[in-house]
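The lines below spell out each chain.
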Amino acid sequence: VHLVESGGGLVQAGDSLRLACAASGSTYDITAMGWYRQAPGKQRELVAAILSRSDRTIYADSVKGRFTISRDNAKNMMFLQMDSLKSADTAVYYCNIGLWLSNTYLPYDTWGQGTQVTVSS
């Protein structure tokens, strides 16, 4: 599976951005997808994940109520709507595929190239 992210950019605090992830290749067996982010000097962290065949989602506490993950299975796309952005959201955002197990998202080692999100305060 090949993943390509898009939609990042430079915005001000309080603004919104919508990230997109396009999946290609052997997409028929994707069961779950997630968005991760990595800020400079920090570990990569899970932002949100979604089960491919239902509306079940997981969010990091830091983004609950501000970010919304969604997917379009027909187009092999996943999205992350980010509202009320904060400077703490500044990071490179990565798309990922993984496994959904007991309401936990387990990432596979398949990543996109990342898209930079910079929020100025």
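Residues numbered from 1 in each chain as written. Predicted model: local features only at pLDDT ≥ 70, side-chain atom pairs only at ≥ 80, totals over all residues. Heavy atoms only, no water.

Draft legend 1. Representation of a nonpolar patch on the surface within the structure. On the surface, L99, L101, L106 and Y108 cluster together into a nonpolar patch covering about 340 Å² of accessible area. Elements with a contribution of two residues or more to the nonpolar patch: β9 (91-101) and β10 (104-111). Relative accessible area serves as the criterion here: at 38%, Y108 is assigned to the partly exposed category. (Patch = residues over 30% accessible without salt bridge, like charges linked within 9 Å, V, L, I, M, F, W, Y side chains within 5 Å. Areas by Shrake-Rupley, 256 points an atom, 1.4 Å probe, with all protein chains shown as cover. Salt bridge = Lys/Arg side-chain N within 4 Å of Asp/Glu carboxyl O. Helix = DSSP H or I, 4+ residues; strand = E, 2+ residues; numbered from the N terminus. Buried < 20%, exposed > 50% of the residue type's maximum accessible area, 1.4 Å probe, protein only.)

Draft legend 2. Highlighting the pattern of salt bridges. A complete count under the given rule lists 4 salt bridges for this structure. Between R37 and E45 there is a salt bridge, with the nearest N and O atoms lying 2.7 Å from each other. Classification of R37 as buried rests on a relative accessible area of 6%. What makes E45 partly exposed here is its relative accessible area of 35%. As a salt-bridge pair, R37 and D89 come within 2.9 Å of each other at their nearest N and O atoms. You can see R37 sitting in strand β4 (residues 32-38) and its partner D89 sitting in the loop between β8 (77-82) and β9, a full 52 residues away along the chain. On the basis of relative accessible area, D89 is assigned to the buried category, the value being 1%. Salt bridges linked by common partners bring R37, E45, R66 and D89 together as one network.

Draft legend 3. Looking closely at the nonpolar core. M33, W35, L80, M82 and Y93 are the most contacted members of the largest nonpolar core, which totals 27 residues. Counting only elements with at least two residues in this core, the list comes to β3 (17-24), β4, β5 (45-51), β7 (67-72), β8, β9 and β11 (115-120). With near-sequence residues (within four places) excluded, M82 lies in contact with D15, S16, L17, L19, R66, F67, Y93 and V117. If you look at the next biggest cluster of nonpolar residues, it comprises 7 residues, including L51, I58, W100 and Y105. (Core = buried A, V, L, I, M, F, W, Y, C linked by side-chain atoms within 4.5 Å. Contact = heavy atoms within 4.5 Å.)

Draft legend 4. The arrangement of unusual backbone geometry in detail. The phi dihedral of N76 falls on the positive side, at around 55 degrees, and the residue is not glycine. With respect to the element layout, N76 can be found in the loop between β7 and β8. On the basis of relative accessible area, N76 is assigned to the partly exposed category, the value being 29%. Here S102, not a glycine, exhibits a phi torsion of approximately 50 degrees, which is positive. Here S102 is to be found in the loop between β9 and β10. Owing to a relative accessible area of 68%, S102 belongs among the exposed residues under this scheme.

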